[in-house]
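Next come the chains, spelled out residue by residue.
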Amino acid sequence: MVKMKKGYLLTLGTFMVLIIVFSLAISLNRSVEMSKDRLGIIGISDRVFDLSSSVENGLEDIIKIYSGLDIAIEKNNKINVSITEDISRVKDDWGISLDEKITEFKNFISTQDKNIEFVTVSFDKELPLEIMPYNITYSRSWATGQVTLKVIPKTINFDGFEILINTNQERISQVNVPSLNPGSFKFIVKAVDNFGTNIVKENNIDPEKTNQVHVNLVGGNQVKVTVKDNELEVWTNSPETITSSIKIFGLPSLDNEVAIVYPKIFYNVTFPALKIVKLGDIQLM
Amino acid sequence: MKKRSWNLVYGNKGFAFILDSALAVLLVILLLTASNIYIFKNTKDVSSNPQLSKTGSDIVTLLDNTKELDTLNKNSIEASMSDLIPENYGYRFNISWQKSGEQEIKSLEIGDIIPEDRFVATGKKFFLVTNNDETNITDYGSTKYSIWLK
């Protein structure tokens, strides 16, 4: 009876050990399969990211070369961001070669890769550009015979605006200050032309109220620089191209890197079989 | 006279024991074989595959950043590759490009024949060719790369 019991226990023990070995083998097999799947997903993601970032880099280069936008970021204790460009009151005059180059690049990509789909026709002339992480928006708008640049910060957490207006061949007749409301925010306007005019208007203002500097041109046209409701606006009806340089200075240093982003989705990289879609926006700096 | 084998009351214990043992051993062998198959089915190490893809991507990025791709010259790119790629790696690049303002797409291929018996990492990158002072884009290009361990 004792022998029988021992045999029974031996059989049961062996069976249990075998079941455990078998379970471990299945479990090991499953985890290896899962690791393989994950490695596959990582590989595909890398490939999509590579493809997307190469398209993004190409578009960035085209925009940097042909948009005429010159963006600079100065980093000291505080951050200064300046955006310089030639502005024309005729919308169609702006960015002709930029459109051509973007179209050529898009056409080339479509012959090389069916997974990349462009969702917009071209770069939007009215932008906006977003200065991150400060949530400051830089945009343009055109109306008949006039163009406006706008800088809209979400909060006034910087020291001031410094605007350089170079009217080039348009001679400046006078710079006047029709309205000013004193405060602690710096508002500096420099007006220069190719005839030696160099006038600086520097004031401490309240950016919530209306503050204006007018650069009057010979012949009656104007460049109006306005700070109102915490927003900056540069407006002109000059028939000639003028150069505007807007510096947002004294931004606080934050943990995140400063980036200038064109936030509109320009293209998608899609692998339908794998259900992967990567949306492409463009970071200019 | 010998008894019949199936005349079971308390006899034929040996037969039952052998049958029982054989079944038990068979079960043990089956379970061990199945476990063995499960354990050794996936022993092939694939963890280096993403690394291989990254190596290919890094090499193309390096060629692009050093303006080597801008040469669009087979010998020049091949010479750079021999400096960049370790000896135990095989590669094949298919470079296509189109001149700005033109329709014709040109291409060149460099490297070895792609093997069929091992993992080959592939990828694609687009690049732009600019003039020396980077004020004008002259060509639009793409590089399809394949890379493997020899």
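Residues numbered from 1 in each chain as written. Chains lettered and ligands numbered in written order. Predicted model: local features only at pLDDT ≥ 70, side-chain atom pairs only at ≥ 80, totals over all residues.

Draft legend 1. Spotlight on the overall build of chain B. Along its length, chain B carries three helices and four strands. Tracing chain B from N to C terminus, the helices and strands come up as α-α-α-β-β-β-β. In terms of overall dimensions, chain B is more spread out than a globule: its C-alpha atoms have a radius of gyration of 32 Å, far above the 15 Å expected for 150 residues. Its C-alpha atoms put chain B at 110 × 30 × 25 Å along the principal axes. Counting only residues that meet the buried cut, chain B has 23% of its 150 residues in that class. Excluding contacts between residues fewer than 6 apart, the proportion of contacts in chain B whose partners are at least 24 apart in sequence is 57%. (Helix = DSSP H or I, 4+ residues; strand = E, 2+ residues; numbered from the N terminus. Rg over C-alpha atoms; globule rule 2.2 N^0.38 Å. Buried ≥ 20, exposed ≤ 12 C-beta atoms within 10 Å, placed from the backbone. Contact = placed C-beta atoms within 7 Å.)

Draft legend 2. Seen up close, the domain arrangement of chain B. Domain boundaries assigned for chain B yield domain 1 (9-43) and domain 2 (48-149). Between the C-alpha centres of domain 1 of chain B and domain 2 of chain B the distance comes to 58 Å. (Domains from an automatic or database assignment.)

Draft legend 3. Highlighting unusual backbone geometry. All names here are of chain A. Going from Leu127 to Pro128, the amide bond is cis rather than trans, its omega being 15 degrees. Here Met132 and Pro133 are connected by a cis peptide whose omega angle stands at 5 degrees. Structurally, Pro133 can be placed in the loop between β4 (129-132) and β5 (136-143). With a phi close to 50 degrees, Asp229 is a non-glycine residue in the positive phi region. Since 11 C-beta atoms lie within 10 Å of it, Asp229 is described here as exposed. One non-glycine residue with positive phi stands out, namely Asn230, at about 70 degrees. Among the structural elements, Asn230 can be located in the loop between β12 (222-228) and β13 (231-236).

Draft legend 4. Structural view of the nonpolar core. Core analysis: the biggest nonpolar cluster contains 71 residues, and Ile246 and Ile248 of chain A have the highest contact counts within it. The leading source of residues in this core is helix α1 (residues 2-66) of chain A, at six residues. (Core = buried A, V, L, I, M, F, W, Y, C linked by C-beta atoms within 7 Å.)

Draft legend 5. Spatial organisation of the interface of chain B and chain A. Across the boundary between the two partners, chain B contributes 30 residues, which contact 33 residues of chain A. Among the secondary structure elements, those contributing two or more residues to the side of chain B that touches chain A are α1 (13-41), α2 (48-65), β1 (89-99), β3 (120-130) and β4 (137-149) of chain B. With eight residues, α1 of chain B is the largest single contributor of residues to the side of chain B that touches chain A.

Draft legend 6. Inspection of the sheet that holds β1 of chain B at higher detail. Spatially, the four strands line up as an open sheet ordered β2-β1-β4-β3 (chain B), and their pairing is antiparallel. Bordering the open sheet on either side are β2 (105-111) and β3 of chain B, each of which pairs with just one other strand. Direction aside, the axes of adjacent strands within the sheet are offset by 15 degrees on average. Of the pairings in the sheet, the one linking β1 of chain B to β4 of chain B comprises eleven bridges and is antiparallel in character. Residue pairing in the sheet places Tyr89 of chain B in a bridge with Leu149 of chain B of β4 of chain B. This element, helix α2 (residues 96-112) of chain A, spans β1, β2, β3 and β4 of chain B of the sheet and lies at about 30 degrees to β4 of chain B. Sitting on the sheet, α2 of chain B touches β3 and β4 of chain B, and the angle it makes with β3 of chain B is about 15 degrees. (Pairing = 2+ DSSP bridges. Axes fitted to C-alpha atoms, helices over the stretch in contact; angles between N-to-C directions.)

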